[in-house]
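Structural features, examined
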Amino acid sequence: MERFSFEWFGNLLAVGFGVGAVIYAVWVIVGRIGYVASQRQLVGTEVRRNIHRLILAGTLLLAATFILSEIRGLVVLADLVIGAIGNIPSFIGDIIKYFEDVPGEQLQKSLLVGGLFGAVTTGLVGLIAKKRLLLPEFSMRAWGYAVVGVAVGFLFSIGLWYSLLLGLAVLLATSLILDSTVRDYLTPTNFKPLFSTPSLRILGIGLPVGAMVGAISSQILMYPTQHCTYIDGAPRLEYRFGLFVTVGSALLILLPVWALLFKDRTTIKEVSTSGYFRNPVLPYLFLSPTLFILIVFLYYPGSQVLTLSTKLKRFPLPQERFSCMANYVKLTEDPIYQNSFSTTIFFTVMIVILSMFLALMIAILASQKIKGASVYRSLLIWPYAVSPIVTAIVFLTMFREGGAGLINYALDNLFGLEPRWLTDTDLAPWVVILAAVWNSLGFNILFYIAGLQNVPEDLLEAAAIDGANRIQKFIRITFPLLSPFTFFLLITNITYSFYGIYGAVEALTQGGPTLGAGGKDGGATNVLIYKLYQDAFVNGRSGEAAAQALILFLMVAGLTVLQFRFVERRVTYSG
Amino acid sequence: MKKIVLFAVVALMVAGVATMGREAKPTQAQDQVEITFSHIFGDENRSGLIQKYADAYMAEHPNVKINLQIATSYPENINGALLASEQGNAPHIVQIYEIGSRLALDSGIFIPVGSVATEDQLATLDDIIQPVLNYYTFDDQVWSVPFNSSNPILYYNMEILEQAGVEAVPQTYSEVLAACDKIMAAGIESLEGCIGWSVNGWFVEQWVSEQGALLANNGNGRADRATEVELDSEAMLNIFTWWKELADKDYYVYTGALEDWDGSDALFTGQQVAFHITSTADLRNITDAATEAGFNAGTAYIPIPDGVERNGTVIGGASLWLTGDHPQAELEAAVDFMLFLGKTENGVDWHKGTGYFPIRYSAIEALEAEGWFDANPTFMTAFDQLTSTIPNEASAGAVIGIFQELRTIVEQAAQSVIDGGADPAEALAAADDRADESMAEYNSLVSE
């Protein structure tokens with residue numbers, strides 16, 4: 001089938017834009033000049049007054065030239081989109097054929113898992129949302145002990161699940177013994193709403209709807225994974241991963257369904273309608289360009305990553321083979337990956353703490369009312385303008401060994417010391433952390449300076465009158481008022497530590513120095529994002545790299561959700 | 001003000017018209033053949049030379065248009081070609097580094113040059129230095145035409161050697177150690193160590209070949225597809241034991257970063273080491289930098305383990321591969337251009353301009369005839385080392401699909417030995433396991 005060509009359309013569009021812009025500009029100028037002449041006023045001021053129209057005309061012209069020069073790219077893009085749309089029928093056909101052919105047993109098992117999960121969670125969510133089931137509120141102290149419990153579990157390496165169980169036990173015990181929240185919670189009155197007709201009604205709707213939605217939704221991700229974990233005799237670990245995938249898939253539709261079913265209707269009526277679109281289609285029309293970009297550049301490639309992670313494939317060879325969850329299983333058993341995991345967590349904690357602490361200290365110093373403060377501030381922000389890889393190359397010239405580096409040259413001449421910055425397993429991580437901290441410092445300082453300028457003077461003055469000293473003023477007033485900035489920076493810094501330090505590792509250590517003989521235990525700076533890059537583009541293990549990418553994404557997404565859930569509660573946004 | 005605004009609008013209009021003009025497509029004559037050559041030379045000097053050869057070819061063959069395409073690195077070039085091939089527009093000629101050969105064969109998008117070339121054209125290949133041609137011959141078929149080749153040589157600082165009283169340039173591992181004992185005892189201020197080379201799997205491959213040993217089973221993957229690498233061999237142990245001894249005595253120095261070519265060159269030209277091992281492709285740069293720093297750089301064969309007969313180095317560099325999915329006329333033009341690129345006078349010109357050595361006997365003869373080597377004696381070492389190579393499976397080099405990963409594994413093993421203090425045998429065994437596992441996966445995928 002010959003594809004519809006967009007070239008002539010693009011040309012037409014561009015020429016149309018151009019001609020339109022020129023006519024508009026001429027009309028503006030001639031019209032205004034004529035008007036001005038008839039009014040015998042100064043031409044200059046009138047033109048200046050209409051300058052925005054001229055700018056608009058110029059912008060349109062520029063847009064026209066851009067469209068014209070990018071026409072090939074646009075044509076390719078349009079062709080791709082048309083091709084993709086053209087493929088939809090055969091894509092749907094494939095799906096239908098797949099579900100016709102899939103063995104009934106595998107299908108039933110996955111439907112059962114999805115349905116059960118959907119029914120139970122929907123019931124619970126309904127009861128909780130409608131205040132039929134009240135949950136105990138755990139104190140921050142209890143959560144703190146629980147985290148310590150999990151950490152202790154990891155320290156004695158009793159396994160992930162036992163560590164989590166230990167954490168839960170600590171949480172409950174602390175609440176029972178120290179806080180008595182759970183004891184207070186366990187009174188009959190708290191459970192009365194549960195045993196009433198509204199509860200039955202919620203369950204009556206929630207259970208069947210949840211089961212149905214869960215079962216159907218669970219099949220979304222069963223198509224790319226081909227129900228492979230439900231085959232009789234599938235390895236235990238793969239089967240467990242399969243359960244995760246099924247549950248995750250079920251949540252894809254369950255989450256919006258919960259929002260629709262259980263949203264609080266009373267609040268909507270009270271909200272004034274002034275901020276809402278009357279026309280229900282209009283908001284989606286405005287959103288559509290963004291959605292289009294997101295689908296083409298984010299969601300579609302994202303779904304491809306999922307498909308790729310279930311395959312054995314060597315980039316750049318075209319050959320591939322379906323391998324179910326083998327890539328994930330391999331990762332969990334790989335000591336090198338485990339090392340990358342713990343290294344990443346260590347790096348993240350260190351970068352976030354160091355970078356934010358230093359930034360806050362420097363920002364406080366730079367916010368003082370001294371001569372030329374704005375100059376200092378601009379200079380402090382500069383590191384942010386340097387890209388991570390350039391930063392790392394600068395650090396490399398400083399930290400190189402064997403007499404080729406500046407720092408060792410100085411240290412050698414002054415003290416006769418030559419630390420092995422890049423090849424010592426204890427030192428190398430700190431060099432990378434230092435480079436990353438230096439690079440992100442400017443960004444953090446920028447936000448903290450802005451934050452400090454927002455702290456109201458009168459509060460600080462009042463505190464001073466009450467006899468608070470500098471440190472008390474900082475801890476009691478300034479720092480709490482900075483909490484929105486700290487929270488925002490926490491999220492961006494964590495994301496940066498997970499994704500942004502690739503450049504530093506690549507230029508400085510290439511993941512090394514190695515741990516264990518022959519590097520069988522990984523490298524001291526081989527963080528997840530670097531290992532991902534190496535596996536994907538150097539070693540060409542596409543499938544495994546895709547699995548790593550998904551895990552990394554879920555980690556960062558999970559951390560961000562957790563932060564919004566727990567940390568943001570302690571943030572005070574000033575009115 | 002009005003004039004300025006008017007001027008701006010007119011300027012914008014002109015810009016718009018100018019961009020429209022840029023989109024105009026050239027009209028094509030009917031017998032016009034258009035081919036694409038994708039290479040990796042981003043620098044002005046070498047890409048300029050390629051452009052010069054292409055222009056010369058187009059002048060000779062007016063009906064052929066050659067588009068040049070530049071990739072940023074060897075891996076990028078082969079990856080890009082394979083991805084373009086999925087879209088149905090692979091470049092006709094792709095420059096692929098020697099270790100990418102297995103990958104290129106397994107990808108299935110390339111065809112042997114020998115299947116397109118005429119008898120006469122094939123006969124011209126006999127002029128190519130035998131070990132170089134060997135590397136790219138599989139199943140007695142010439143798959144690709146060698147283009148740019150280099151191998152590693154030993155560079156030494158003549159002044160330091162003289163000062164330390166080292167009379168003969170060391171040729172074996174123990175001689176290097178002995179020379180280093182003398183040099184380090186001489187108390188020369190500038191020295192950080194005695195010898196340096198970048199931690200790079202490439203050098204290890206050369207030393208394996210020098211010992212006549214194989215890097216992979218099944219005749220280095222040439223008799224049949226390789227199923228196992230042989231990192232735990234005697235030959236590998238020789239290399240790593242020596243390396244460790246040099247490192248333990250602080251004779252061996254590197255910059256701490258893997259494959260840091262420039263950094264290790266700087267150690268030598270900064271007179272921080274007396275010996276240096278690197279590619280002949282850097283010969284021009286290093287000798288110039290040495291002269292500038294006030295010393296003379298000499299060159300010699302790379303040192304080899306004691307008691308081994310010198311088998312010769314594996315050739316390094318790249319060759320030109322032909323992608324198959326094109327009309328016959330384009331394929332013929334592509335092969336013709338490939339051979340044109342390597343012809344004698346271009347080979348001579350290429351060598352002088354870059355330092356890569358000419359790969360044709362006739363080009364070497366031409367250079368000798370004009371007295372090039374008498375004027376540039378250091379350039380001779382590389383040729384001698386290459387032409388004295390004994391052609392066999394070891395010196396033909398291994399053909400492995402996971403070569404890029406293998407290099408990383410070897411480098412990490414080396415790092416764990418020289419920095420981490422690991423036992424060489426233990427490190428090599430672990431590296432061997434890692435490489436074998438990866439190779440098994442690769443083979444299971446491509447041999448289905």
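Below you will find a few notes about this structure. All residue numbers here refer to positions counted from 1 along the written sequence of the relevant chain. A letter from A marks each chain and a number from 1 marks each ligand, given out in the order of writing. Local features are withheld for residues below a pLDDT of 70 in this predicted model, meaning they are given only at 70 or higher, and side-chain atom pairs are given and counted only at 80 or more; totals for whole chains, interfaces and linings count all residues. Side-chain descriptors were evaluated using all non-hydrogen atoms of the structure, hydrogens and water having been removed beforehand.

Bringing the pattern of salt bridges into the picture now. Put simply, a salt bridge is a Lys or Arg side-chain nitrogen that is within 4 Å of an Asp or Glu carboxyl oxygen. Considering all chains together, one arrives at 26 salt bridges over all chains under this definition. For Lys97(A), the salt bridge goes to Asp101(A), with nearest N and O atoms at 2.8 Å. Of the two residues, Lys97(A) and Asp101(A) both sit in helix α4 (residues 71-101), four residues apart, roughly one turn of that helix. The salt bridge partner of Lys330(A) is Glu437(B), with a shortest N-O separation of 3.7 Å. Within this pair, whereas Lys330(A) is found in helix α14 (residues 326-333), its partner Glu437(B) is found in helix α21 (residues 424-446), the two belonging to separate chains. Burial classification: accessible surface area is computed with a 1.4 Å probe over protein chains only, and a residue below 20% of its type maximum counts as buried, one above 50% as exposed, and the rest as partly exposed. On the basis of relative accessible area, Lys330(A) is assigned to the partly exposed category, the value being 24%. Glu437(B) sits in the partly exposed class, given a relative accessible area of 43%. To qualify as a helix, a DSSP run of H or I must reach at least 4 residues; to qualify as a strand, a run of E must reach at least 2; elements of each kind are numbered from the N terminus.

In summary, the pairing rule links any two rings of Phe, Tyr or Trp, Trp by its six-membered ring, whose centres are within 6.5 Å, and it sorts them by plane angle into stacked for under 30 degrees, edge-to-face for over 60 and tilted for everything else. Inspection of every chain in the model, using the stated rule, returns 47 aromatic pairs over all chains. Geometrically, the ring pair formed by Phe346(A) and Phe347(A) is edge-to-face, given 6.2 Å between the ring centres and 65 degrees between the ring planes. In this structure Phe346(A) comes out as partly exposed when scored by relative accessible area, which is 36%. Here Phe347(A) falls in the buried class, since its relative accessible area comes to 1%. Measuring from ring centre to ring centre gives 5.9 Å for Tyr252(B) and Tyr254(B), while their planes differ by 25 degrees; the resulting arrangement is stacked. Comparing Tyr252(B) with Tyr254(B) shows no difference in burial state: the two are buried. Three or more aromatic residues link up through ring pairs in this structure, and these residues are Tyr173(B), Trp197(B), Trp207(B), Phe240(B), Trp242(B), Trp243(B), Tyr252(B) and Tyr254(B).

This part covers the sheet that holds strand β11 (residues 275-279) of chain B. Residues and elements named next belong to chain B. When DSSP finds two or more bridges between a pair of strands, those strands are recorded as paired. Taking strand neighbours across the sheet as the criterion, the five strands line up as β10-β9-β11-β8-β12 in an open arrangement whose pairing is mixed. Edge strands, defined here as strands with exactly one partner in the open sheet, are β10 (252-253) and β12 (297-300). In this structure, strand β9 (residues 195-196) lies alongside β11, joined through two bridges in parallel fashion. Across the sheet, residue Ile195 finds its bridge partner in β11, namely Phe275. Every residue pair with non-hydrogen atoms within 4.5 Å of one another is taken to be in contact. Helix axes use the C-alpha atoms of the stretch in contact, all axes being lines fitted to C-alpha atoms, and the angles between their N-to-C directions lie in the range 0 to 180 degrees. Sheet strands in contact with helix α9 (residues 201-210) are β8 (152-157) and β11, and its direction is about 95 degrees off that of β11.

Looking now at the side chain of Ser279(B). All names here are of chain B. With respect to the element layout, Ser279 can be found in strand β11. Judged by relative accessible area, which is 7%, Ser279 ranks as buried. A polar contact is formed between the side chain of Ser279 and the side chain of Ser150, at a distance of 3.3 Å. Not counting residues up to four positions away in its chain, the partners in contact with Ser279 are Ser150, Asn151, Pro152, Tyr155, Trp202 and Trp261. Polar contacts, as counted here, are pairs of nitrogen or oxygen atoms within 3.5 Å of one another; within protein the pair requires one atom able to donate a hydrogen and one able to accept it, and residues that are adjacent in sequence qualify only if both atoms are side-chain atoms.

Right, let's talk about the nonpolar core for a bit. Here, the term nonpolar core denotes a set of buried Ala, Val, Leu, Ile, Met, Phe, Trp, Tyr and Cys residues that are joined through side-chain atoms within 4.5 Å. By size, the foremost hydrophobic cluster in this structure holds 149 residues, and its most contacted members are Ile183(B), Trp197(B), Leu231(B), Phe240(B), Phe275(B) and Phe337(B). Sort the elements by how many residues they give to this core and helix α14 (residues 328-342) of chain B lands first, with nine residues. Two domains each put at least three residues into this core: domain 1 (33-150 + 317-387) and domain 2 (152-313 + 401-446) of chain B. Other than its neighbours up to four places away in sequence, Phe337(B) contacts Ile35(B), Phe37(B), Tyr53(B), Ala54(B), Tyr57(B), Ile66(B) and Ile93(B). Core analysis: the next-biggest nonpolar cluster, separate from the first, contains 62 residues, Met356(A), Ile433(A), Phe498(A) and Ala545(A) among them. Either an automatic procedure or a domain database provided the assignment from which the domain bounds are taken.

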